[in-house]
Amino acid sequence: QVQLVESGGGLVQTGGSLRLSCAASGRTFSRYVVGWFRQAPGKEREFVSAIRWSSGSTYYADFVKGRFTISRDNTKNTVYLQMNSLKPEDTAIYYCAANLDYYSSDYRSYDYWGQGTQVTVSS
């Protein structure tokens, strides 16, 4: 069993930055793919980024390429999402999720979820 806790959300102005954290407990991430998803009111949950823990391979949605960076810290069993050049359309609840062994951009493939952290970008 994996427990995930997100943190780092908040209110920021357009063009600002935030760094989200996803800390795992229960197990290490060593065999997992950890993804970030977001959900805005009235919209479906969508893929943002993911990282394969073992290799460090990263994956991004087209709309965040060049703005967001996903990374991991082995010593802290934590995944980060650095978000720069934020836009109002990035406003959503951001969730981290873990999936054993394989990468997918489909949120339905992920087995473990955090509670989410709100990101609000004002114009």
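Each chain carries its own residue numbering, running from 1 in the direction its sequence is written. It should be noted that, the model being predicted, local features are given only for residues of pLDDT at least 70 and side-chain atom pairs only at 80 or more, the latter also being counted only at that level, while totals for whole chains, interfaces and linings use all residues. Values shown for side chains rest on all heavy atoms present in the structure; no hydrogens or waters enter the calculation.

Caption draft 1: Looking closely at the packing of aromatic side chains. Stacked, edge-to-face and tilted are the three classes for Phe, Tyr and Trp ring pairs, Trp counted by its six-membered ring, which pair at centre distances within 6.5 Å; planes under 30 degrees apart are stacked, over 60 edge-to-face, the rest tilted. Taken as a whole and assessed by the stated rule, the structure comprises eight aromatic pairs. Considering the side-chain rings of Y59 and Y103, the 3.8 Å spacing of their centres and the 5° angle between planes classify their relative orientation as stacked. In this pair, Y59 is assigned in strand β6 (residues 58-60) and Y103 in the loop between β9 (92-100) and β10 (112-113), connecting sequence segments 44 residues apart. When accessible area is computed with a 1.4 Å probe and restricted to protein chains, residues below 20% of their type maximum are described as buried, those above 50% as exposed, and intermediate ones as partly exposed. A relative accessible area of 21% places Y59 in the partly exposed class. The partly exposed category is assigned to Y103, whose relative accessible area is 28%. Only runs of H or I of at least four residues qualify as helices and only runs of E of at least two qualify as strands under DSSP, and these elements are numbered from the N terminus.

Caption draft 2: A look at the state of the cysteines. Pairs of cysteine sulfur atoms within 2.5 Å are what we label disulfides. With the rule as written, the count across this model stands at one disulfide. Between C22 and C96 runs a disulfide, and the two sulfur atoms are separated by 2.1 Å. Sign of the S-S torsion, about 65° for the bond between C22 and C96, identifies this disulfide as right-handed. Here the residue C22 occupies a position in strand β3 (residues 18-25), and C96 occupies one in strand β9, the gap between them amounting to 74 residues. Here C22 matches C96 in class, with each residue buried.

Caption draft 3: Seen up close, the nonpolar core. What is meant by a nonpolar core is a set of buried Ala, Val, Leu, Ile, Met, Phe, Trp, Tyr and Cys residues, joined one to another through side-chain atoms within 4.5 Å. L4, F29, W36, V79, L81, M83 and Y94 are the most contacted members of the largest nonpolar core, which has 36 residues in total. Of all elements in the fold, only β3, β4 (32-39), β5 (46-52), β7 (68-73), β8 (78-83), β9 and β11 (117-122) reach the threshold of two or more residues within this core. It only takes one pair of heavy atoms within 4.5 Å for two residues to be counted as in contact. With residues near it in sequence (within four places) discarded, M83 still touches G16, S17, L18, L20, R67, F68, Y94 and V119.

Caption draft 4: Broad picture of unusual backbone geometry. If you check the backbone angles, N77 has positive phi at about 50° while not being a glycine. Secondary-structure assignment places N77 in the loop between β7 and β8. What makes N77 buried here is its relative accessible area of 11%. Backbone geometry places S85, a non-glycine residue, at a positive phi of 50°. S85 gets classed as partly exposed once you look at its relative accessible area, which sits at 39%.

Any link to function would need more than the numbers given here.
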